[in-house]
Amino acid sequence: MIFKRVGVGRPYPDHGLTSKGWAAVPPRQVRLDELVTTKDTLQLSSLLDEDSTFYGDLFAHVVLWREEFYLEDGLHRALRAALQQRNVLHARVIRMEG
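Residues numbered from 1 in each chain as written. Predicted model: local features only at pLDDT ≥ 70, side-chain atom pairs only at ≥ 80, totals over all residues. Heavy atoms only, no water.

Some details on the environment of glutamate 68
Stage number 1. Topologically, glutamate 68 is positioned in strand 5 (residues 68–73).
Stage number 2. With 34 residues separating them along the chain, glutamate 68 and glutamate 34 place their C-alpha atoms 7.5 Å apart.
Stage number 3. Discounting chain neighbours no more than four positions away, the residues touching glutamate 68 are Lys4, Arg5, Val36 and Val63.
Stage number 4. Within the structure, glutamate 68 has its side chain in polar contact with the side chain of arginine 5 (distance 3.1 Å). (Helix = DSSP H or I, 4+ residues; strand = E, 2+ residues; numbered from the N terminus. Contact = heavy atoms within 4.5 Å. Polar contact = N/O pair within 3.5 Å; in protein donor to acceptor, adjacent residues only side chain to side chain.)

Some remarks on the packing of aromatic side chains
Stage number 1. In the structure shown here, the tally under the stated rule is three aromatic pairs.
Stage number 2. Their ring planes at 65° and their centres at 6.4 Å tell us that tyrosine 12 and tryptophan 65 sit as a pair that is edge-to-face. Of the two residues, tyrosine 12 is situated in the loop between strand 1 (5–6) and helix 1 (19–23) and tryptophan 65 in strand 4 (residues 60–65); the sequence distance between them amounts to 53 residues.
Stage number 3. With a centroid separation of 5.7 Å and an interplanar angle of 55°, the aromatic rings of tyrosine 12 and tyrosine 70 are classed as tilted. Note that tyrosine 12 is positioned in the loop between strand 1 and helix 1 and tyrosine 70 in strand 5, a separation of 58 residues in sequence.
Stage number 4. Connected via pairs of aromatic rings, a cluster forms that spans Tyr12, Trp65 and Tyr70. (Phe/Tyr/Trp six-rings, centres within 6.5 Å; stacked < 30°, edge-to-face > 60°.)

Take a look at the structure:
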């Protein structure tokens, strides 16, 4: 199994972070098997596109809420890491109180 669980939607409240706010969060490694996804579908073109991060953040966005890591943005990065047989993902992680 790649992820801890496949979720649908964000169970946590809105954090209000903008792209600039996320950019201020230093990246760290997160294990794929600790992540709960917030999306249950993926655009295959995003997974296969070599330039998929050209206009976006190079790191996935993860929200730590109620002791669970939710993958808010970067599902294609996480799956690409899994396909390359890596078990960690570099992500920006914020902690929310819940």
